[in-house]
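Coordinates in review
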Amino acid sequence: MALTKADMAESLYEELGLNKREAKELVELFFEEVRAALGDANHVKLSGFGNFVLRNKTERPGRNPKTGEEIPISARRVVTFRPGQKLKQRVEAYAGSQQ
Amino acid sequence: MAEEMQTNAMMKSELIERIARKQSHLAYKDVELAVKSMLEQMSNSLSGGERIEIRGFGSFSLHYRPPRSGRNPKTGGSVALPGKHVPHFKPGKELRERVNESMLKEAG
């Protein structure tokens, strides 16, 4: 099982009394606005949860794993997630099955 | 090599404002409550060992860090650090592409 947008909308509907359409739109808009800010070259910092941080990676040598041929991996911008202190502490306590 | 970009950050308050501007029929307070509720749901899910899967955005899961021995920086003594889980985010295709396109646009 995994948490999905549909689950999140359902909770907004149940907890906040928003109608189902509003709840669904809010969940869509939430992820779209985070994506838009990152796509606009801005970091996103959500206190208590974590920070989405943009990093520029320089070109590096790579290899086609099938053919063994050398091909450079081009310079790129990537997004990484740094969990906040509060989320890290809550997750650390999770004692479920160890992968 | 990967260096963190020098750029502005959108904070939670601004995220709430941007959403509220597009949902003008909702009170700001409702949008604020909704954003906090969504973040809380995501934190609850991860701290209960459940993944989060958001198509077009990415997925969050837990990675296990095995026990290791560390050092107390003050005394130099060895301390046993227990295994633990840490949150991990894997960006989805659309997010990866939009982030990378922002760099290609800057390059012109």
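What counts and what doesn't
- Residues numbered from 1 in each chain as written.
- Chains lettered and ligands numbered in written order.
- Predicted model: local features only at pLDDT ≥ 70, side-chain atom pairs only at ≥ 80, totals over all residues.
- Heavy atoms only, no water.
- Helix = DSSP H or I, 4+ residues; strand = E, 2+ residues; numbered from the N terminus.
- Expected span 1.5 Å × (residues − 1).
- Buried < 20%, exposed > 50% of the residue type's maximum accessible area, 1.4 Å probe, protein only.
- Arc of directions from axis to C-beta.
- Contact = heavy atoms within 4.5 Å.
- Buried area = accessible area lost by both parts, 1.4 Å probe.
- Salt bridge = Lys/Arg side-chain N within 4 Å of Asp/Glu carboxyl O.
- Polar contact = N/O pair within 3.5 Å; in protein donor to acceptor, adjacent residues only side chain to side chain.
- Axes fitted to C-alpha atoms, helices over the stretch in contact; angles between N-to-C directions.
- Parallel < 35°, antiparallel > 145°, perpendicular 65-115°, else oblique.
- Nonpolar A, V, L, I, M, F, W, Y, C, P; charged D, E, K, R; others polar.
- Phe/Tyr/Trp six-rings, centres within 6.5 Å; stacked < 30°, edge-to-face > 60°.
- Pairing = 2+ DSSP bridges.

The name an unreviewed UniProt entry assigns to chain A is Integration host factor subunit alpha, from the organism hydrothermal vent metagenome.

Quick notes on helix α1 (residues 5–16) of chain A
Given a rise of 1.5 Å per residue, 12 residues ought to cover 16 Å, and the 16 Å separating the end C-alpha atoms of α1(A) matches this to within 8%. Three or more residues of α1(A) are buried, namely A:M8, A:A9, A:S11 and A:L12. When α1(A) is viewed along its axis, its buried side chains cluster within an angular range of 160 degrees and face the same direction. Residues of α1(A) that are exposed and angled more than 90 degrees away from the buried face: A:A6 and A:E14. Buried-residue contacts for α1(A) involve β1 (2–3) and α2 (20–39) of chain A together with α2 (28–47) and β3 (51–54) of chain B.

Overview of the interface of chain A and chain B
Often the size quoted for an interface is simply the accessible area lost on bringing the parts together. The interface of chain A with chain B comprises 60 residues on the first partner and 61 residues on the second. Regarding the contact of chain A and chain B, the summed buried area is about 6000 Å², with carbon and sulfur atoms giving 64% of it. When the buried surface of chain A facing chain B is broken down by residue, A:L3, A:R35 and A:R77 rank first, second and third, together holding 13% of it. Put simply, chain A and chain B have 7 salt bridges between them. With its nearest N and O atoms 3.8 Å apart, the salt bridge here joins A:E92 to B:K84. Across the chain A-chain B interface, the total number found is 25 residue pairs in polar contact (both at pLDDT 80 or more). For the side of chain A that touches chain B, the elements supplying multiple residues, two or more each, are β1, α1, α2, β2 (43–46), β3 (50–57), β6 (76–83) and α3 (85–92) of chain A.

Quick look at the packing of α2(A) against helix α3 (residues 93–107) of chain B
At their nearest, the axes of α2(A) and α3(B) sit 8 Å apart, and the two run at 30 degrees to each other. One element, α2(A), and the other, α3(B), form an angle in the roughly parallel class. Counted together, A:E32, A:R35, A:A36, A:L38 and A:G39 of α2(A) and B:E94, B:L95, B:R98, B:V99 and B:S102 of α3(B) form the full contact between these two elements. Residue composition of the contact of α2(A) with α3(B), grouped by class: 4 nonpolar, 2 polar and 4 charged.

Points about the packing of aromatic side chains
Applying the stated criterion across every chain, the model contains 12 aromatic pairs over all chains. Between A:F30 and A:F31, the aromatic rings sit 4.9 Å apart at their centres with planes inclined by 80 degrees, giving edge-to-face as the arrangement. Under the relative-accessibility criterion, A:F31 is labelled buried at 3%. Measuring from centroid to centroid gives 5.6 Å for B:F57 and B:F89, while their planes differ by 45 degrees, and the two rings are tilted. With B:F57 in the loop between β3 and β4 (58–65) and B:F89 in strand β7 (residues 84–91), the pair connects residues that are 32 residues apart, well separated along the chain. Classification of B:F89 by relative accessible area gives buried; the value is 7%. Here a set of aromatic residues connected by ring pairs shows up, and it is made of A:F30, A:F31, A:F49, A:F52, A:F81, B:F57, B:F60 and B:F89.

Here's the deal with the sheet that holds β3(B)
Pairing is mixed in the open sheet, where 4 strands are placed in the order β1(A)-β3(B)-β4(B)-β7(B). Because the sheet does not close on itself, it has two edges, and the strands there are β1 of chain A together with β7 of chain B. Across 8 bridges, β4(B) lies against β7(B) in antiparallel orientation. The residue of β7(B) that forms the bridge with B:L62 is B:P87. Along the sheet, α3(A) makes contact with β4 and β7 of chain B, crossing β7(B) at roughly 125 degrees.

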